[in-house]
Amino acid sequence: MDAVCEDEQKVRVKKIKRKTKSAPKKRPSVVVGFSGGDPPPAGFLAAWFNQHYGGPLTIRFPEHDSNATFEARHVDWQAIVSHVRSAEEAMRWKSQVGWEHSQVIQIMSTSPVGSSKQDVVLFVLRLARGLTLLTEGTAYDVAASRYFNPSDWSDRRLDSFRIEDHVHVQQDEHVSDGRQWLYTRGLAKFGLEEFEVFLPRGLPGNPTIDRLLALADLCVGQGKSPKVGESIQLMSDAVDIKVVNHRTHALPEGQLNLREVHWDY
């Protein structure tokens, strides 16, 4: 009798072990929304890319899929470009992003780990620019939470890397104590955590924004986020910036991983 019970318990354990959670779906780097018609053929995107950025952009279609998904590659940078066929998924993006477009193209970086993060981000945004212009749609930078219509790309330089083109600083009032809350958006696309700082009400925000962007630029160049307790001094600034806290903050579009910084004002 005991042997039978032991065997039944082993079976139950095996069944429990099979119930593993699937890995969370990776978010795309950029989504492009458009309305009407089919997305531009991959060859159109390649021709546009080669004309504007020298190319060659190599297109490869997976054997198991239709022309809705393809890999775009230039040098050692690569990305998956996928036309969302599911009306339900397109509606989720419509609800999350707040646009009226009925169709969505997702761009997801698949570049090797050793690739330069700056180059990879530039490559993905070049693809996004091309798809925005070819569809006359709207691009949404997921990590930075920024929108780009066709006319907006003229203000964003993609021939070289500038931190302002990829990271920006949002400013809100902190709900609990009324202080000014400034935090970066966009560092996540480089595999880094965002920075935040709390200011007394009434202090001007522009110097703080400049300092946060300079800090973001330094960390992107180094490829790592500073640890809690670590101090950083910017080349152009005599102020010591100290990382004093680490936390997560939930937003409707996802979770922000934040490192709070502080300096003497």
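The structure we're discussing is the one just above.
Remember, predicted model here, so these are calculated numbers, not experimental data. (Residues numbered from 1 in each chain as written. Predicted model: local features only at pLDDT ≥ 70, side-chain atom pairs only at ≥ 80, totals over all residues. Heavy atoms only, no water.)

Student: I would appreciate a short explanation of the layout of surface pockets in the present structure.
Tutor: Rolling a probe over the atoms, with the probe sized like a water molecule, indicates the empty space that remains. By volume, the largest pocket amounts to about 840 Å³. Around the largest pocket, the lining is made up of 32 residues, and of these K26, S29, A188, K189 and G191 lie nearest the centre. For the lining of the largest pocket, the elements supplying multiple residues, two or more each, are α4 (117-135) and β13 (254-262). For the lining of the largest pocket, the leading source of residues is α4, giving five residues. Class assignment for the residues of the lining of the largest pocket results in 14 nonpolar, nine polar and nine charged. (1 Å grid on protein atoms, 1.4 Å probe; cavity = no way out; pocket = protein on both sides within 12 Å on 5 of 7 lines; lining within 4 Å. Points joined across faces, edges and corners; volume = space filled by probe spheres on them. Helix = DSSP H or I, 4+ residues; strand = E, 2+ residues; numbered from the N terminus. Nonpolar A, V, L, I, M, F, W, Y, C, P; charged D, E, K, R; others polar.)

Student: Just checking my understanding: could you explain the pairing of strand β4 (residues 77-83) for this structure?
Tutor: For a regular strand, the rule is simple: side chains alternate between the two faces of the sheet. The element β4 is extensively covered by neighbouring structure, given that six of its seven residues are classed as buried. Linking two consecutive strands that pair antiparallel, namely strand β3 (residues 69-74) and β4, is a turn of two residues; a positive phi of about 55° is found at V75 within it. (Buried < 20%, exposed > 50% of the residue type's maximum accessible area, 1.4 Å probe, protein only. Pairing = 2+ DSSP bridges.)

Student: Before we go on, may I ask you to explain the nonpolar core in this structure?
Tutor: Core analysis: the largest hydrophobic core is formed by 52 residues, its most contacted members being L57, I107, F123, L127, L215 and V261. Looking at this core element by element, the count peaks at nine residues for α4. Those residues within four positions of L215 in sequence are excluded, and the remaining contacts are F195, I232, L234, I241 and V261. The next biggest cluster of nonpolar side chains, apart from the first, holds nine residues, and it includes V84, V97, W99 and V142. (Core = buried A, V, L, I, M, F, W, Y, C linked by side-chain atoms within 4.5 Å. Contact = heavy atoms within 4.5 Å.)

Student: What am I meant to see in the sheet that holds strand β5 (residues 103-109) here?
Tutor: If you walk across this open sheet you meet the seven strands as β2-β3-β4-β5-β1-β6-β7, and the pairing is antiparallel. For this open sheet the edge positions go to β2 (58-60) and β7 (146-148), each flanked by a neighbour on one side alone. Here the average twist between neighbouring strands, direction ignored, is 25°. Both strand β6 (residues 138-141) and β7 contribute to a ladder of three bridges, which runs antiparallel. Each bridged residue has a counterpart across the sheet, and for Y140 the counterpart in β7 is Y147. Across the face of the sheet, helix α3 (residues 87-97) comes into contact with β1 (30-34), β5, β6 and β7 while running at roughly 85° to β5. The strands touched by α4 are β1, β3, β4, β5, β6 and β7; relative to β4, the strand with the most contacts, the crossing angle is about 35°. (Axes fitted to C-alpha atoms, helices over the stretch in contact; angles between N-to-C directions.)

Student: What is the right way to read α4 from this model?
Tutor: Each α-helix winds once per 3.6 residues, and so residues spaced three or four apart point in a common direction. End to end, α4 covers 27 Å across 19 residues, agreeing with the expected 27 Å (1.5 Å per residue, within 8%). Immediately beyond the C-terminal end of α4, within one or two residues, lies E136, with a positive phi of roughly 55°. (Expected span 1.5 Å × (residues − 1).)

Student: Could you clarify how one ought to interpret the environment of I209 in this entry?
Tutor: If you trace the backbone, I209 turns up in helix α5 (residues 206-222). Note: C-alpha distance between I209 and T184 (25 residues apart in sequence) is 8.8 Å. When residues no more than four places from it in sequence are discounted, the contact partners of I209 are V169, Q171 and L182.

Student: Sorry, what's going on with the packing of helix α2 (residues 42-53) against α4 here?
Tutor: For any two helices packed against each other, the geometry is given by the interaxial angle and the distance between the axes. Between α2 and α4, the shortest axis-to-axis distance is 10 Å and the interhelical angle comes to 115°. Here α2 and α4 pass one another in a crossing that is right-handed. Packed against α2, whose contacting residues are F44, L45, W48, F49, H52 and Y53, the element α4 presents F123, R126, L127, R129, G130, L131, L133 and L134 at the interface. Split into classes, the residues belonging to the contact of α2 with α4 amount to 10 nonpolar, two polar and two charged. (Left-handed = near helix turned anticlockwise from the far one by under 90°.)

Student: Looking at this model, I keep getting lost on the sheet that holds strand β9 (residues 180-185). Mind explaining?
Tutor: Hydrogen bonds along the backbone pair up the strands of a sheet, which may run parallel or antiparallel. As summarised here, the arrangement of the six strands in space is β8-β9-β10-β13-β12-β11, forming an open sheet in which the pairing is mixed. Every interior strand has two partners, whereas the edge strands, β8 (168-173) and β11 (231-233), have only one. Recorded for the sheet is a direction-independent mean angle of 35° between the axes of neighbouring strands. Bridging between β8 and β9 involves six bridges; their strand directions are antiparallel. From the neighbouring strand, V169 faces β9, where its bridge partner is T184.

Student: Before we go on, may I ask you to explain α5 in this structure?
Tutor: Its 17 residues give α5 an end-to-end C-alpha distance of 25 Å, which sits within 8% of 24 Å, the value for a rise of 1.5 Å per residue. Residues of α5 that are buried include every one of T208, R211, L212, L213, L215, A216, C219 and V220, and no others. Once α5 finishes, G223 follows within two positions and takes phi at roughly 75°, a positive value.

Student: Looking at this structure, how should I read the environment of D240?
Tutor: Structurally, D240 can be placed in strand β12 (residues 240-251). Each C-alpha atom of the pair D240 and D264 lies 8.0 Å from the other, and the pair is 24 residues apart in sequence. For D240, the residues in contact, after removing those within four places along its chain, are I232, Q233, H262 and W263.

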